[in-house]
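# Chains, contacts and geometry: an overview
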Number of protein chains: 2
Amino acid sequence: MNTKITDRIASLREEMKKHQLDAYIIPSSDSHLSEYPAACWKAREWISGFNGSAGTVVVTANKAGLWTDSRYFLQATAQLEGTGIELYKLMLPDTPSIPEFLIAEIGKNAKAGLNGETYSVAEFNTLQQALGRKNISIETNLDLISLIWKDRPTIPGNKIFELPVEITGMSVSDKLDLLNNKLREAGADCTILGALDDVAWTFNIRGNDVTYNPVAVSYGFISEEECVLFIKPEKLTDEIALHLKKEGVILADYSCIENYLTRLPAKTRILIDPHKTNMALYHAIPDHCRIIEQISPATILKSIKNKTEIEGFQHAVIKDGVALTRFYIWLEKQMEAGMKVTELDASRKLSCLRAEQPLYIMDSFETIAGYAGHGAIVHYAPTEESAATICPEGLLLIDSGGQYLDGTTDITRTIPMGEPTEQMKKDFTRVLKGMISLSKCKFPAGTRGCQLDILARKALWDAGINYLHGTGHGIGHCLNVHEGPQSIRMEENPVKLQPGMVLSNEPAMYRTGEYGIRTENMILIREDSETEYGKFYSFETLTLCYIDTRLIVLPMLSAREQAWLNKYHQQVYEKLSPYLNEEEQEWLKEKTKEI
Amino acid sequence: MNTKITDRIASLREEMKKHQLDAYIIPSSDSHLSEYPAACWKAREWISGFNGSAGTVVVTANKAGLWTDSRYFLQATAQLEGTGIELYKLMLPDTPSIPEFLIAEIGKNAKAGLNGETYSVAEFNTLQQALGRKNISIETNLDLISLIWKDRPTIPGNKIFELPVEITGMSVSDKLDLLNNKLREAGADCTILGALDDVAWTFNIRGNDVTYNPVAVSYGFISEEECVLFIKPEKLTDEIALHLKKEGVILADYSCIENYLTRLPAKTRILIDPHKTNMALYHAIPDHCRIIEQISPATILKSIKNKTEIEGFQHAVIKDGVALTRFYIWLEKQMEAGMKVTELDASRKLSCLRAEQPLYIMDSFETIAGYAGHGAIVHYAPTEESAATICPEGLLLIDSGGQYLDGTTDITRTIPMGEPTEQMKKDFTRVLKGMISLSKCKFPAGTRGCQLDILARKALWDAGINYLHGTGHGIGHCLNVHEGPQSIRMEENPVKLQPGMVLSNEPAMYRTGEYGIRTENMILIREDSETEYGKFYSFETLTLCYIDTRLIVLPMLSAREQAWLNKYHQQVYEKLSPYLNEEEQEWLKEKTKEI
């Protein structure tokens, strides 16, 4: 029995009794609804011992359950052993949803509780709708975990740093003006910035509070009258504080935001993004205010990169391309020399090579180095235990990225470690055709991502193959590698694609137990032309790294696709070679030679 | 001054005063939210004199306005002259919406009225939301037009006819079982059928009450306990009444539906389709019932054609193809003989040739015969006044269709009347490439129409061209030529494409004042294959009619596209020639010869 966990759950049940709660819900989020929460917000991991990135724990007087998705079924089964917590496998037909579970377990007219600081308005509304039908009420201002987690870490106090206007392309005061214009257009007087990357973008600050995302724990409040950055004072240097004040920013302690909101004057029209605002802030807004729920204007403005940011990306991809070229040369040499290289060795070497590049901060996500069958596990990242040794056969898929002060990168390449099979080559060529088709396309203003998605999949669909993840996600500028609001995927997303947006272009295919193939470039939306039928946009490929032509079945590519690839390779060589030594140049010349 | 109309509006204003209304809204719909309403429901035309298919009139104490879309700007301007009714052009940036107009004209706390029988629940909700903000209330049970329209036609009493199970492929009692199953799955006890084609499909009846749509004015009510057809008794023959009763149908007078609904027992869970149920019926449902709003199960079941219906379509397209072949031969001969042929002559001749075919009932919509510049007017239909004479030059676009007992057709072809220009040929080839690309595609189960739409547009987008209408609409079986819920268009439609659905495939391009090009086939969704990645579907082209190869720029077609066209033409010839005489065969042989 895992007494550490069972004791914690027993303590929680005592608190639940004191507070007359029939159930308590512990989600994975932080107060900013981040993809990666800081340690102090890992309440779900603390209560259950399960440390996957996604999962929700629900505790009642007699039962405890963890809901997580298929990526974590094996890991959760192992980590929950002896805890008394049952695993509920999401998306399987027989698994009850959390509301269904609660209705069955605690029944009508019962009371559930949660910490509203870690629940978004949108998610809470969904939960409340489902439970409200059975008259189950939800108490949202009870942080029971803090009462029992004695050595809970504090909210990070790491120092922040500023990105100069030479890198951001726009001063804070100009951004504040822009935001206030957008608020006026939306009929709002003010807004809360809840998402850490929205705050970081607005105030031109970056931090070290969260793995992979260079953000700092903080909130923002924007109005014509005052713009406030809510942040722990110890995170600021005097210099940054002074500069922010000069830009018109008022500084307040991180903990003051709720109190600040309660004092909003009557009839204030406040815009909140229901997916990026937690329930505690929502409840702090007085009833005499009018709430306008829509996507945050900061999220939209941030997604449309300015000229300076685009130039930054263009520098970052060169550095990234140089690091990747060196990495693939190193890997080839290691293999030729018969050295043992594991997935984890490869992942670490690549990080080191990126770190040699100017303005590197950190990796932009955990490197996926999937050799052979591991390549078919979409979210695989090697650990000491799992890391396979790379042999001179089969395929190696590496999906990685860097955070540089002047841009964020995300790139996937698949290379053959030995003589590839015909099936591998056909599969690779289908994926490549999709990647090229999306890269080359031209589309009218107003187009949404799901309209273009098929271009990346068509060659695969023709062969009865599909991949179940998205084709493209937005990418931040020295910010989160997964950034909204735009996307290219099968699912509807009402956001229109606009010039200046940066996205990934990553079609893929997976043969379970055998290999995974993914080829990913970053693409930038550019204005293309204007005709009597309106404005048209197209993509500019940003990423600079060779695509392994040994995996191509040439007759499967049309003349135009071949031309695209040759032109791309020419560009890769021209842009990277000035930064490579002679031997590296020669190697890359060979890899990028015309097909 | 148009005193007929001004008198009518004056009478309406008197009634508004009596009923203490500040505004009255008159939409175009009938009680079934049909595309084409019967004469008794043409209230908007009666009050305004404007007889376009779409438009809403709003009358206040001092103002009267008609809101319509760009198709009707010219016609509405002419028809409204002297009526005192102002034209509000929809979709133009400066045009106020109806709620904006009302807020400005009648102000806060005022009262508007409308006849809830001709307003859908969904549209009413949108209106109410917009007006509710300003506390403008809406009275929905006032049919003021009936009080002043003295010679208003009565609800049609035309006899209906039955479609035998040999044509429908499924008996009424089997359909009722299927519907009740679907209701159970949705957690509902019963449903109302409000749309005329849903009723016609469910009860295997057809009628003559509405132009182009072989439907009969009626409602349906479905539950496990009783299934009721609400219809005027004079529409039934004894034989049909007897047969319906045998199938388990209860017959009630058309006018009884509201009363019937008011007597639903407590806790009844009733499913209504908010887009296909009018507000009068909605209000008739007692408060003690629970309303489940979703798309009608009849709409979904109807869209998935069974084996017999599919065979019917396959017969109908042969008859249609024969009529079209004869029509194009006739047209060619007329032109060669130097005879004068107007767009209207062509349209009438085509109807006559269709009428010669077995099981023909009527045309499925008003033939669009657009010569030269008229072809660029998307919804153009020639009238005595507008009909252009077809000359031996330029392009002729003909979009037409037939209602046969065994299927409904919809087809567009564009042909050159003289030597086409290079631009015409390039444009035609781009449209053709789109049509072929969609025809050939294969897609996984779960795909929605908007994901496929780009296939029809890509060749056009590449050239900076677009068309602003949808690519494909659903098509009924001896029912409405525009049938939901499926579609292929740029806009999101959450309906998944399923085997058995029939759609149009009609990419197009328009050069204002010069010509329009549209090539349209009907396509049927078929199961294609099942792989480890799931089920895949593909399209079978149903339409059988030659595509004019004189308009093709051959090098613009890929080898595969050429192969598709040659195979299609071979099929057209093989399937049609047995029904053609020798001369016609020879002509078609030439038109369908390999490229």
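Residues numbered from 1 in each chain as written. Chains lettered and ligands numbered in written order. Predicted model: local features only at pLDDT ≥ 70, side-chain atom pairs only at ≥ 80, totals over all residues. Heavy atoms only, no water.

## As for the overall build of chain A
Stated precisely, the cut-off is as follows: The secondary structure listing takes helices from DSSP runs of H or I that are at least 4 residues long and strands from runs of E that are at least 2 residues long, numbered from the N terminus. The reference for a compact globule is 2.2 Å times residues^0.38; the radius of gyration itself is calculated from the C-alpha atoms. In this scheme, a residue with accessible area under 20% of its type's maximum is buried, one over 50% is exposed, and one in between is partly exposed, where area comes from a 1.4 Å probe on protein chains only. Note on contacts: a residue pair is in contact if any heavy atoms of the two residues lie within 4.5 Å. The sign given to each residue is positive for Lys and Arg and negative for Asp and Glu; His and the chain ends receive no count. For the purpose of locating charges, the reference atoms are NZ of Lys, CZ of Arg, CG of Asp and CD of Glu.
In terms of helices and strands, chain A carries 19 helices and 28 strands. Computed over C-alpha atoms, the radius of gyration of chain A comes to 25 Å, within 12% of the 25 Å expected from 2.2 N^0.38 for 595 residues, which places it in the range of a compact globule. With the C-alpha coordinates aligned to their principal axes, the bounding extent of chain A is approximately 70 × 60 × 50 Å. Relative to its full complement of 595 residues, chain A shows a buried share of 60%. The long-range fraction of contacts in chain A, counting pairs at least 24 apart against all pairs at least 6 apart in sequence, stands at 69%. Separation of charge centres in chain A, based on 63 positive and 80 negative side chains, amounts to 3 Å.

## Here's the deal with the environment of Q129(B)
With respect to the helices and strands, the residue Q129(B) is situated in helix α5 (residues 121-132). With 39 residues separating them along the chain, Q129(B) and L90(B) place their C-alpha atoms 20 Å apart.

## Let's talk about the interface of chain B and chain A
So the rule is basically this: Buried area is calculated as the accessible area (1.4 Å probe) missing from two parts once they are joined, with the contributions of both summed. A pair is scored as a salt bridge if a Lys or Arg side-chain nitrogen falls within 4 Å of a carboxyl oxygen belonging to Asp or Glu. Each residue is assigned to one of three groups, with Ala, Val, Leu, Ile, Met, Phe, Trp, Tyr, Cys and Pro labelled nonpolar, Asp, Glu, Lys and Arg labelled charged, and all others, Gly among them, labelled polar.
Of the residues lining the interface, 29 residues belong to chain B; the matching set on chain A comes to 29 residues. Where chain B abuts chain A, roughly 2400 Å² becomes buried across the two surfaces, and 55% of that area is made up of carbon and sulfur atoms. When the area that chain B buries against chain A is broken down by residue, the three leading residues are Q451(B), W461(B) and Y533(B), summing to 26%. Taken together, the connections running from chain B to chain A amount to two salt bridges. Among the ionic pairs, R511(B) bridges to E532(A), the shortest N-O distance being 3.2 Å. Those elements that place two or more of their residues in the side of chain B that touches chain A are β21 (442-444), α17 (449-462) and β25 (508-511) of chain B. With eight residues, the top contributor of residues to the side of chain B that touches chain A is α17(B). Among the residues forming the side of chain B that touches chain A, the class breakdown is 15 nonpolar, six polar and eight charged.

## As for the environment of I368(B)
Residue and element names in this part refer to chain B. As for its position among the elements, I368 is in strand β16 (residues 368-371). When the C-alpha positions of I368 and Y404 are compared, they lie 19 Å apart, and in sequence the two are 36 residues distant. Discounting residues that sit within four places of it in the chain, I368 has contacts with V378, Y380, L397, I398, D399 and R518.

## Considering the sheet that holds strand β18 (residues 402-404) of chain B
Residues and elements named next belong to chain B. Heads up, the rule is: A pair of strands is treated as paired once DSSP finds two or more bridges between them. Interaxial angles span 0 to 180 degrees and are taken between N-to-C directions of axes, which are lines fitted to C-alpha atoms, for helices over the stretch in contact.
Spatially, three strands are ordered β15-β18-β19 in an open sheet, and the strand pairing comes out antiparallel. Strand pairing shows two members of the sheet lacking a second neighbour, β15 (360-363) and β19 (407-408), which therefore form its edges. The pairing of β18 with β19 spans two bridges and is classified as antiparallel. Each bridged residue has a counterpart across the sheet, and for Y404 the counterpart in β19 is G407. Packing against the sheet, helix α14 (residues 307-336) makes contact with β18 and β19, and its axis sits at approximately 130° to β18. Its contacts with the sheet put helix α15 (residues 343-355) on β15 and β18, and the angle it makes with β15 is roughly 165°.

## Some remarks on the side chain of T429(A)
Structurally, T429(A) can be placed in helix α16 (residues 422-440). Contacts of T429(A), omitting those with residues within four sequence positions, involve L551(A), I552(A), V553(A), M556(A) and L557(A).

## Focus on the relation of the copies chain B and chain A
Heads up, the rule is: When the copies are overlaid, the least-squares fit takes in C-alpha atoms only where the residue has pLDDT of at least 70 in both copies.
Superposition of chain B onto chain A requires a rotation of 180° combined with a translation of 0.2 Å along the rotation axis, giving an RMSD of 0.2 Å. The two molecules are tied by a two-fold rotation axis, judged by turn and shift. When each C-alpha of chain B is compared by its distance to the rotation axis, Q451(B) comes out closest, at 2.6 Å. Comparing interface residues between copies, 100% of those in chain B also sit at the interface in chain A, which points to an isologous, same-surface contact.

## Description of the packing of aromatic side chains
For clarity, the cut-off: Any Phe, Tyr or Trp ring, taking Trp's six-membered ring, that has another such ring centre within 6.5 Å forms a pair; planes under 30 degrees apart are called stacked, those over 60 apart edge-to-face, and the others tilted. A positively charged side chain is recorded as over a ring if its NZ (Lys) or CZ (Arg) lies within 6 Å of the ring centre. The angle to the ring normal must also be within 35 degrees.
According to the stated counting rule, one finds 34 aromatic pairs over all chains in the structure shown. Here the aromatic rings of W46(B) and W149(B) are separated by 5.2 Å at their centres, their planes lie at 15°, and the arrangement is stacked. Taken as a pair, W46(B) in helix α2 (residues 43-48) and W149(B) in the loop between α6 (144-148) and β7 (161-162) lie far apart in primary sequence, 103 residues in all. Judged by relative accessible area, which is 10%, W46(B) ranks as buried. For W149(B), a relative accessible area of 7% corresponds to the buried category. The rings of F327(A), Y328(A), W330(A), Y546(A) and W587(A) are connected pair by pair, giving a single aromatic cluster. When the ring centre of Y467(A) is taken as origin, the NZ or CZ atom of R457(A), which lies over that ring, is 3.9 Å away.

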